[in-house]
Amino acid sequence: VAMSQQITDNIAQERPNKPTTCEIFTLQIPVIDLADHSDARNLIVEACKEFGFFKVINHGVPTELMSMLEEELFNFFKLPQQEKDKCGPANPFGYGNKRIGLNGDVGWIEYLLFCTNPEIISQNPEAVVPKISESLSVLVNEYISEVRNMACNVLEMMVDEMKIEPRDVLSKLIRDDNSDSCFRFNHYPPACSDHQMGIGEHTDPQIISVGRSNNTSGLQISLRSDGSWVSVPPDDTSFFFNVGDSLQVMSNGRFKSVKHRVIADGASSRVSMIFFGGPPLSEKIKPLQSIMEEGEESLYKEFTWFEYKNSAYKTRLGDDRLGLFEKS
Ligand code: GA4
């Protein structure tokens, strides 16, 4: 209780006292209909520039798979604490409870974090893949492969629209056998107050993150234009895409990784599942040659995903991770 109180107080200080602004802005979140071939590509690129965030409908991922996984997920989080603790502690992979990352962040959250990088899994599977039931693990793998495919389609539409070649320049990094991606399940339990921080503001370090949740609100994004926080209306049939830091660099700042956070809604449990698409560890993260205009210079120092990830995992959630790699 002491900790939850502290989390609540921090938020109360941070929150601008303008709830109505949030409601107005919820209307502006871009919705991409993947079945609409005329408009989707352009909307994706515009959304990445303006928000670093968009919602995808008509995505082709089987609804039944989504709801089955969600149900299994609820069942997992309903297990007795000592059962769940057998999958932990999260360092950073495994089952985590209230502690986020390794540097002192906390939140009103419990989660399962999976590494999906085959290279790392083969070295030490116990440390990076939480021991969940066989049935859940089959569903997880099927879900990841569906979501990864859909994410790759979206990345290819994005690249086509920007007239970059080859069109798999981004998607191949995530399809790569050695793609360093990860996957997480979050459970935000009902909170004692309705402003409790589930996970504090942060950007995702990877290329692209693709998440969905049950029908409980809580996700907020920060607008690029003025930094104000916007509540994202929940929609359990759709996927939400976040531009990550790596894509910000690869687009040389044209796209911005979106700052986001989750505030527990008080009354009901929120569960979410997120795929974080990352490149192979050895991949150089730098602006794509073909988008650079004549004379344009990279805004960032050159680094590999391995270097960036290592550096990111030493930061606190709210730190400006990319700032360390900007050219001065
Ligand atoms: C944010 C995106 C993913 O959830 C994650 C997170 C990771 C963690 O929960 O262990 C980090 C966070 C995330 C960024 C900074 C570091 C690492 C917690 C944290 C304080 C799994 C990831 O890859 O980076």
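Residues numbered from 1 in each chain as written. Predicted model: local features only at pLDDT ≥ 70, side-chain atom pairs only at ≥ 80, totals over all residues.

- Where an unreviewed UniProt entry is consulted, the protein chain appears under the name gibberellin 2beta-dioxygenase, with the organism given as Torenia fournieri.
- Listed in UniProt under the heading Function (unreviewed entry), the comment for the protein chain reads: "Catalyzes the 2-beta-hydroxylation of several biologically active gibberellins, leading to the homeostatic regulation of their endogenous level. Catabolism of gibberellins (GAs) plays a central role in plant development. Converts GA9/GA20 to GA51/GA29 and GA4/GA1 to GA34/GA8."
- Under Catalytic activity (unreviewed entry), UniProt gives the following word-for-word description of the protein chain: "gibberellin A1 + 2-oxoglutarate + O2 = gibberellin A8 + succinate + CO2". (UniProt positions renumbered as here; feature names shortened; annotations may be inferred.)

## Focus on the sheet that holds strand 8 (residues 219-222)
Here is step 1 of the chain: With antiparallel pairing, four strands are arranged side by side in an open sheet as 6-11-8-9. The strands lining the two open edges of the sheet, one partner per strand, are strand 6 (197-202) and strand 9 (229-231). Sheet twist, expressed as the mean angle between neighbouring strand axes with direction ignored, is 25°.
Here is step 2 of the chain: Taken together, the three bridges between strand 8 and strand 11 (residues 260-263) define a ladder with antiparallel strand orientation. Looking at strand 11, one finds that Ile-221 is bridged to His-260. (Pairing = 2+ DSSP bridges. Helix = DSSP H or I, 4+ residues; strand = E, 2+ residues; numbered from the N terminus. Axes fitted to C-alpha atoms, helices over the stretch in contact; angles between N-to-C directions.)

## Considering helix 11 (residues 305-312)
Here is step 1 of the chain: Restricting attention to buried positions, one finds in helix 11 the residues Trp-305, Tyr-308, Lys-309 and Ala-312. End-on, the buried residues of helix 11 take up no more than an arc of 95°, which puts them together on one face. (Buried ≥ 20, exposed ≤ 12 C-beta atoms within 10 Å, placed from the backbone. Arc of directions from axis to C-beta.)

## Side note on helix 3 (residues 40-50)
Here is step 1 of the chain: Residues of helix 3 that are buried include every one of Ala-40, Ile-44, Ala-47 and Cys-48, and no others. Viewed end-on, helix 3 has its buried residues packed into an arc of 100°, placing them on one side of the element.
Here is step 2 of the chain: Residues of helix 3 that are buried sit in contact with strand 1 (31-33), strand 2 (53-57), helix 8 (134-161) and strand 10 (239-243).
Here is step 3 of the chain: Where helix 3 ends, the next residue or the one after it, Gly-52, has phi of about 70°, a positive value. (Contact = placed C-beta atoms within 7 Å.)

## As for the sheet that holds strand 12 (residues 270-277)
Here is step 1 of the chain: What the eight strands build is an open sheet, ordered 1-2-10-7-12-5-4-3; its pairing is mixed. The two strands at the open ends of the sheet, each matched to only one other strand, are strand 1 and strand 3 (94-100). Mean inter-strand twist for the sheet, computed between neighbouring axes without regard to direction, equals 25°.
Here is step 2 of the chain: Bridging between strand 1 and strand 2 involves three bridges; their strand directions are parallel. Looking across to strand 2, one finds that Val-31 is bridged to Lys-55.
Here is step 3 of the chain: Sitting on the sheet, helix 4 (residues 63-78) is in contact with strand 4 (105-115), strand 5 (182-188), strand 7 (208-213) and strand 12, with an inclination near 115° to strand 12.

## Focus on the nonpolar core
Here is step 1 of the chain: Within the largest apolar cluster, 74 residues are counted, with the highest numbers of intra-cluster contacts made by Ile-44 and Phe-241.
Here is step 2 of the chain: The greatest single-element share of this core, amounting to nine residues, is contributed by helix 8. (Core = buried A, V, L, I, M, F, W, Y, C linked by C-beta atoms within 7 Å.)

## Here we look at unusual backbone geometry
Here is step 1 of the chain: With an omega of -5°, the peptide bond between Gly-88 and Pro-89 qualifies as cis.
Here is step 2 of the chain: With respect to the helices, strands and loops of the structure, Pro-89 is situated in the loop between helix 5 (81-85) and strand 3.
Here is step 3 of the chain: Of note, the amide linkage connecting Glu-165 to Pro-166 takes the cis form, showing an omega dihedral of -10°.
Here is step 4 of the chain: Of note, Pro-166 is situated in the loop between helix 8 and helix 9 (171-175).

## Side note on the site of the ligand
Here is step 1 of the chain: Neighbouring the ligand are 17 residues, the closest being Pro-92, Gly-101, Asp-204, Tyr-313 and Leu-317.
Here is step 2 of the chain: Listed by contribution, the elements that provide at least two residues to the shell around the ligand are strand 4 and strand 5.
Here is step 3 of the chain: A class-by-class count of the residues in the shell around the ligand yields nine nonpolar, four polar and four charged. (Near = placed C-beta within 6 Å. Nonpolar A, V, L, I, M, F, W, Y, C, P; charged D, E, K, R; others polar.)

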